[in-house]
Amino acid sequence: MLYTKTEEEIELLRLNNDLVSRTLAEVAKIIRPGVTTKELDRRAEEFIRDNGAKPGFLGYNGYPATLCTSVNDSVVHGIPSSYALRDGDIVSVDCGTYLHGFYGDSAFTFAVGNIKPEVQRLLNVTRECLVKGVEAAVDGFRVGDISYAVQTHAEINGYSVVRELVGHGLGRNMHEKPEVPNYGARGRGSKLVEGLVICIEPMINMGKKGVYQEKDGWTIRTQDGMPSAHFELAVVVRKGKAETLSTFSYIDEVLRLS
Ligand code: MF3
Ligand code: CO
């Protein structure tokens, strides 16, 4: 049996994930060619601390930063650095917070300047995969229904699903049971019940599914060097329809005005 949250606990997770969502929108405001991923990280850390929270990733298993910034063929867990973003890049920005004993965790992949139409399509489809996963996060379904929804949408669009990294439960720990793979079979896996809080985070490759870890011990890259996209939201399983705790609406507003 999986640990479900009380409404009081969900309220604290809502605060965290709303802050993560607003932090990602602050980062969105400064993403442009020439900005370094370290500058994005500094802005995020400052915003999180100004809001009375702590960066959720900093120090987690020794992770050295507030954000994971993963550019182009980097899938996830890229460490912010002096790398200056270039026109045509994509960058997955993954952000965590820690406030009132709970975690927030979400990610969005941004276009830097003008990107190729085929790369924009990868971003669109990966975000759609996440939406399809969220639509399956309903009481009475199973984890495999989420996995199947994500995988099917990726593969009918000609993309591949990263196997080595998965979504997860979220609460007093950043990674709780259950694991939420982005590939799998309908009707399999743990039962989803109202009050279960999970992060759904498709990592979708334009080319082949294989990935490897860099010598820095963190950065995950595609083996074939083709781009990869990553979007993540935290949701509560409810009856009929999941409740989203994080949102891309702040980001969408920033991008609409830019
Ligand atoms: N968002 C990532 C995940 O869901 C967390 C980054 S792990 C860290 O697994 F170690 F980099 F913090
Ligand atoms: Co996560």
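This structure is a prediction, so every number in the text was calculated from the model and none was measured.

What the chain contains, in helices and strands, is five helices and 15 strands. The C-alpha radius of gyration of the chain comes to 17 Å, within 12% of the 18 Å expected for a compact globule of 258 residues. Taken over the C-alpha atoms alone, the chain extends approximately 45 × 45 × 40 Å along its principal axes. Looking at the 258 residues of the chain, the share that counts as buried comes to 55%. For the chain, the computed accessible surface area is about 11100 Å², with 50% contributed by carbon and sulfur atoms. In the chain, the 30 positive side-chain charges and the 34 negative ones have mean positions that sit 3 Å from each other.

Right, let's get into the coordination of the cobalt ion (ligand 2). Binding of the cobalt ion (ligand 2) to the protein goes through Asp105 (OD), His168 (NE2), Glu201 (OE) and Glu232 (OE), at separations of 2.0 to 2.3 Å. Each donor residue of the cobalt ion (ligand 2) lies on the same chain, and together they follow the pattern D-x62-H-x32-E-x30-E. Here Asp105, found in strand β5 (residues 102-111), pairs with His168, found in strand β7 (residues 167-169); they are 63 residues apart in sequence, far enough to count as distant. Here the two residues Asp105 and His168 agree in accessibility, since each one is buried.

With that settled, consider the pattern of salt bridges. Under the criterion given, the structure shown has 16 salt bridges. Through salt bridges with shared partners, one network takes in Glu7, Glu11, Arg14, Glu194, Arg238, Lys239 and Glu243.

Let us look at unusual backbone geometry. Excluding glycine, a negative phi dihedral is what most residues carry, and trans is how most peptide bonds are arranged. A cis amide bond links Lys177 with the next residue in sequence, Pro178, at an omega value of 0 degrees. Tracing the backbone through its elements, the reader meets Pro178 in strand β8 (residues 176-180). The residue Asn61 is not glycine, and still its phi comes out positive at about 50 degrees. Along the chain, Asn61 falls in the loop between β1 (54-55) and β2 (67-71). In this structure, His77 is a non-glycine residue whose phi angle is positive, near 65 degrees.

Cut-off values and rules
- Residues numbered from 1 in each chain as written.
- Chains lettered and ligands numbered in written order.
- Predicted model: local features only at pLDDT ≥ 70, side-chain atom pairs only at ≥ 80, totals over all residues.
- Heavy atoms only, no water.
- Helix = DSSP H or I, 4+ residues; strand = E, 2+ residues; numbered from the N terminus.
- Rg over C-alpha atoms; globule rule 2.2 N^0.38 Å.
- Buried < 20%, exposed > 50% of the residue type's maximum accessible area, 1.4 Å probe, protein only.
- Areas by Shrake-Rupley, 256 points an atom, 1.4 Å probe, with all protein chains shown as cover.
- Lys, Arg positive; Asp, Glu negative; His and termini not counted.
- Charge placed at Lys NZ, Arg CZ, Asp CG, Glu CD.
- Donors = N, O, S within 2.8 Å, 3.2 Å for Na, K, Ca; no water.
- Salt bridge = Lys/Arg side-chain N within 4 Å of Asp/Glu carboxyl O.

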